[in-house]
Amino acid sequence: MLRRLVCTVWQRHAAAQCIVPVARMSQYGPHFIEPIVSKEKIEELQKTGDLSKISHVPVKAALSNQNCSVFYDPLVAQFTNYVMKQGNKALARELVEKGFENIKRLQLERYHLSESEEEKAKLELNPRKLLHQAVENCRPLLQLTPIKRGGVRYQVPVPITEKRSYFLAMKWLLEAIREKERTVHFPEKMAWEILDAAANQGKVVKRKHELHRQCEANRAYAHYRWS
């Protein structure tokens, strides 16, 4: 009798869980702010006096890969995460570091082959700065969004958010890298594509310009964004 009663209660409890969805809440409330791990941003807040305003506000815990080291670069960490497949981050980090090594070698070759001091001064030898420059050159400013009006679907140009533009730039870079010859290793293809994009050339920059041309051609439908 007791076993039958326990089974009945358990079945009712399971049925109630199926009917009423469980409310999944975040670990942090809406009043928690994002952590500031960069020393430069902290110094800027100290100069402007905004640091004292958030000194008593609760802060979320920083991610395990975030730190205030001079060797930490958020863009490189994000690019490494996009390179990663099936959670193998050690392999992704190794591929990115080898790609940076190939960029450094190619730039040093150009540096030593340069005849004048002006050409040497123009060459950037830091691969991390070249990655930043490549991503900035590949970032789109507009995108096309399908909006239906009067039974017709129009491609309407809309401005793109900063986070989305960085994501698209790195996504297009990786797609261009992986579309190259499979006989060439990933670090070599990565070095070529990043150097082309840093020089405002290559497939990814053409793709961005093509998207901007399409947005310019469809600017007559821009008012559908608000209607």
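The shown structure was predicted, so the numbers you read here are calculated from the model rather than taken from an experiment.

A. Inspection of helix H4 (residues 89-113) at higher detail. For H4, built from 25 residues, the straight-helix expectation of 36 Å at 1.5 Å per residue is met to within 8% by its first-to-last C-alpha distance of 36 Å. Of the surrounding secondary structure, the elements contacted by the buried residues of H4 are helix H3 (74-83), helix H6 (127-138) and helix H8 (186-198). For H4, the capping residue at the N-terminal end is Asn 88, with a side-chain oxygen 3.4 Å from the backbone nitrogen of Leu 91.

B. Focus on the pairing of strand E1 (residues 142-149). By the bridge criterion, eight bridges tie E1 to strand E2 (residues 152-159) in an arrangement that is antiparallel. Opposite Leu 144, over in E2, you have Pro 157 as the bridge partner. The antiparallel hairpin formed by E1 and E2 contains two residues in its connecting segment, where Gly 150 sits at a positive phi of about 65 degrees.

C. How the structure looks around the nonpolar core. Core analysis: the largest hydrophobic core is formed by 34 residues, its most contacted members being Phe 79, Val 135 and Met 190. Counting residues per element, the ones that place at least two in this core are H3, H4, H6, helix H7 (162-179), H8 and helix H9 (203-217). A total of nine residues in this core trace back to one element, the largest contributor, which is H7. If near-sequence neighbours (up to four positions away) are discounted, Phe 79 is found in contact with Val 96, Leu 131, Met 170, Leu 174 and Met 190. Membership of the second largest hydrophobic core comes to five residues, among which are Ile 147, Tyr 154, Val 156 and Tyr 224.

D. Representation of H9. In this model, H9 (15 residues) spans 21 Å end to end at C-alpha, consistent with the 21 Å of a helix rising 1.5 Å per residue. For H9, every residue scored as buried is listed here: Val 204, Val 205, Lys 208, Leu 211 and Cys 215. In a view along the axis of H9, the buried residues occupy a sector of 120 degrees, so they form one face of it. Those residues of H9 that are exposed and angled more than 90 degrees off the buried face are Lys 206, Arg 213 and Ala 217. Where H9 is buried, its residues meet H6, E1, E2, H7 and H8.

E. Structural context of the layout of surface pockets. Put simply, the largest pocket is a space of about 950 Å³. If you trace the largest pocket, you find 26 residues lining it, with Val 37, Ser 38, Lys 41, Tyr 72 and Pro 74 closest to the centre. At the level of elements, helix H2 (39-48) and H3 are the ones that each hand at least two residues to the lining of the largest pocket. Per-class residue counts for the lining of the largest pocket are 11 nonpolar, seven polar and eight charged. If you add up the space inside the second largest pocket, you get close to 310 Å³. In terms of lining, the second largest pocket is formed by Val 83, Met 84, Lys 85, Gln 86, Asn 88, Leu 91, Ala 92, Leu 95, Arg 178, Arg 182, Phe 186 and Lys 189. Contributing elements (two or more residues each) for the lining of the second largest pocket: H4 and H8. With three residues, the single largest contributor to the lining of the second largest pocket is H4. When the residues that make up the lining of the second largest pocket are grouped by side-chain class, the tally is six nonpolar, two polar and four charged.

Conventions used here
Positions within a chain are numbered from 1, following the residues in the order the chain's sequence is written. Only residues with pLDDT of at least 70 get local features here, since the model is predicted, and only at 80 or more are side-chain atom pairs given and counted; chain-wide, interface and lining totals rely on the full set of residues. Excluding hydrogens and water, the side-chain values take into account all heavy atoms of the structure. Here a helix means four or more residues in a row that DSSP labels H or I, a strand means two or more in a row labelled E, and each is numbered from the N terminus. In this scheme, a helix's expected span is set at 1.5 Å multiplied by one less than its residue total. In this analysis, two residues are considered to be in contact whenever any of their non-hydrogen atoms come within 4.5 Å of each other. N or O atoms closer than or at 3.5 Å make up a polar contact, with two conditions inside protein: a donor-capable atom paired with an acceptor-capable one, and, for residues adjacent in sequence, both atoms drawn from side chains. Strands were regarded as paired on the criterion that DSSP finds at least two bridges between them. Residues grouped as a nonpolar core are buried Ala, Val, Leu, Ile, Met, Phe, Trp, Tyr and Cys residues, joined through side-chain atoms within 4.5 Å. The cut-offs for exposure are 20% and 50% of the maximum accessible area for each residue type, with area from a 1.4 Å probe on protein chains only; residues under the lower value are buried, those over the upper are exposed, and the others partly exposed. Directions drawn from the helix axis to the C-beta atoms are what define this arc. Of the grid points, spaced at 1 Å and generated over the protein atoms alone, those admitting a 1.4 Å probe that cannot get out make up cavities, while open sets with protein on both sides within 12 Å along at least five of seven lines make up pockets; any residue with an atom within 4 Å of a point is treated as lining. Grid points are joined across faces, edges and corners, and a volume is the space filled by probe spheres set on the points. Charged residues are taken to be Asp, Glu, Lys and Arg, nonpolar residues to be Ala, Val, Leu, Ile, Met, Phe, Trp, Tyr, Cys and Pro, and polar residues to be all remaining types, Gly included.

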